[in-house]
Amino acid sequence: MQVKDYMIGDHLAFRPDTNVLDAIHQLLQHHLSGAPVTDESGRLVGFLSEKDCLKIAVNASYFDGRGGMVQDFMAREVVSLSAEANLVDAIEIFISKPYRCLPVVDDERVVGQIARRDVLRAMEKLRR
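Conventions adopted
- Residues numbered from 1 in each chain as written.
- Predicted model: local features only at pLDDT ≥ 70, side-chain atom pairs only at ≥ 80, totals over all residues.
- Heavy atoms only, no water.
- Helix = DSSP H or I, 4+ residues; strand = E, 2+ residues; numbered from the N terminus.
- Rg over C-alpha atoms; globule rule 2.2 N^0.38 Å.
- Buried < 20%, exposed > 50% of the residue type's maximum accessible area, 1.4 Å probe, protein only.
- Contact = heavy atoms within 4.5 Å.
- Areas by Shrake-Rupley, 256 points an atom, 1.4 Å probe, with all protein chains shown as cover.
- Lys, Arg positive; Asp, Glu negative; His and termini not counted.
- Charge placed at Lys NZ, Arg CZ, Asp CG, Glu CD.
- Pairing = 2+ DSSP bridges.
- Polar contact = N/O pair within 3.5 Å; in protein donor to acceptor, adjacent residues only side chain to side chain.
- Core = buried A, V, L, I, M, F, W, Y, C linked by side-chain atoms within 4.5 Å.
- Salt bridge = Lys/Arg side-chain N within 4 Å of Asp/Glu carboxyl O.
- Arc of directions from axis to C-beta.

1. A few points about the overall build of the protein chain
Line of reasoning, step 1. Regarding its fold elements, the protein chain presents four helices and five strands.
Line of reasoning, step 2. In terms of C-alpha radius of gyration, the protein chain reaches 15 Å, essentially the compact-globule figure of 14 Å for 128 residues.
Line of reasoning, step 3. Seen through its principal axes, the protein chain has C-alpha atoms that stretch 50 × 30 × 25 Å.
Line of reasoning, step 4. For the protein chain, with 128 residues in total, the buried portion stands at 38%.
Line of reasoning, step 5. Sequence-distant contacts, at least 24 apart, represent 59% of the contacts inside the protein chain between residues at least 6 apart.
Line of reasoning, step 6. In the form shown here, the protein chain has an accessible surface area of approximately 7900 Å², with 50% of it arising from carbon and sulfur atoms.
Line of reasoning, step 7. If the 16 positive side-chain charges of the protein chain are averaged to one point and the 19 negative ones to another, these points end up 6 Å apart.

Structure follows, in structure tokens:
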């Protein structure tokens, strides 16, 4: 059971200069808890999560902020998985860390993401 077999391959990704309010809209539209941030070559440079987006609400309430760019709010140190990784590797990260989803990379380029829910679907599939 490899990550590539259960990841979301048709993934949403942002560029660092994407308007963060537009990014929030896309996360909500796609029912995602986060998405990778890539450079123009598709290499992973960050990750924007729902938690990161909540910082915008704090900025607005304290500093009358109106958003900004994804790069202003994204996490820059990102845990990722190889598409060839074993699904158990993903499970161990999800158990030990607060992440709800992880970017999946192949040769440093983002090829998808895997969420806790995807792992649960894999378990359900194996049960049958």
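2. Quick notes on the sheet that holds strand 4 (residues 101–106)
To summarise the sheet geometry, strands pair through backbone hydrogen bonds and adopt either a parallel or an antiparallel arrangement.
Line of reasoning, step 1. Pairing in this open sheet of three strands is mixed, and the strands run 3-4-5 from one edge to the other. Pairing within the sheet leaves two strands with one partner each, and these edge strands are strand 3 (81–82) and strand 5 (109–115).

3. Describing the side chain of Gln113
Line of reasoning, step 1. Locating Gln113 in the fold gives a position in strand 5.
Line of reasoning, step 2. A relative accessible area of 2% means that Gln113 is categorised as buried.
Line of reasoning, step 3. Polar contacts involving the side chain of Gln113 include one to the main-chain carbonyl oxygen of Gly34, which spans 3.3 Å.

4. A look at the nonpolar core
Line of reasoning, step 1. By size, the foremost hydrophobic cluster in this structure holds 15 residues, and its most contacted members are Val3, Leu81 and Ile114.
Line of reasoning, step 2. Contributing elements (two or more residues each) for this core: helix 3 (87–96), strand 4 and helix 4 (116–127).
Line of reasoning, step 3. Considering each element in turn, this core owes the most residues, four residues, to helix 3.
Line of reasoning, step 4. When neighbours within four sequence positions are excluded, Leu81 is seen to be in contact with Val3, Asp89, Ala90, Ile93, Leu102, Pro103, Val104, Val105 and Ile114.
Line of reasoning, step 5. Counting residues in hydrophobic clusters, the runner-up holds 14 residues, among them Leu12, Val20, Ala35 and Ile56.

5. So, the pattern of salt bridges
When the charged atoms of two side chains lie near each other, side chains of opposite charge can form a pair.
Line of reasoning, step 1. This model, assessed by the stated rule, comprises five salt bridges.
Line of reasoning, step 2. Between Lys4 and Glu84 there is a salt bridge whose closest N-O contact spans 3.2 Å. Of this pair, Lys4 sits in the segment before helix 1 (20–30) while Glu84 sits in the loop between strand 3 and helix 3, and the two are 80 residues apart along the sequence.
Line of reasoning, step 3. Ionic pairing is found between Arg121 and Asp118, a salt bridge with its closest N-O pair at 3.2 Å. Separated by three residues within a single helix, Arg121 and Asp118 lie in helix 4, roughly one turn from each other.
Line of reasoning, step 4. With relative accessibility at 51%, the residue Arg121 sits in the exposed group.

6. Some points on helix 3
Line of reasoning, step 1. Regarding helix 3, the residues found buried are Leu87, Ala90, Ile93 and Phe94. All buried residues of helix 3 lie within an arc of 120° about the axis, which places them on one face of the element. Exposed residues on helix 3 whose side chains face more than 90 degrees from its buried face are Ile95 and Ser96.
Line of reasoning, step 2. Close packing links the buried residues of helix 3 with strand 3, strand 4, strand 5 and helix 4.
Line of reasoning, step 3. Measuring from the backbone nitrogen of Val88 back to the side-chain oxygen at the start of helix 3 gives 2.8 Å, which picks out Asn86 as the cap.

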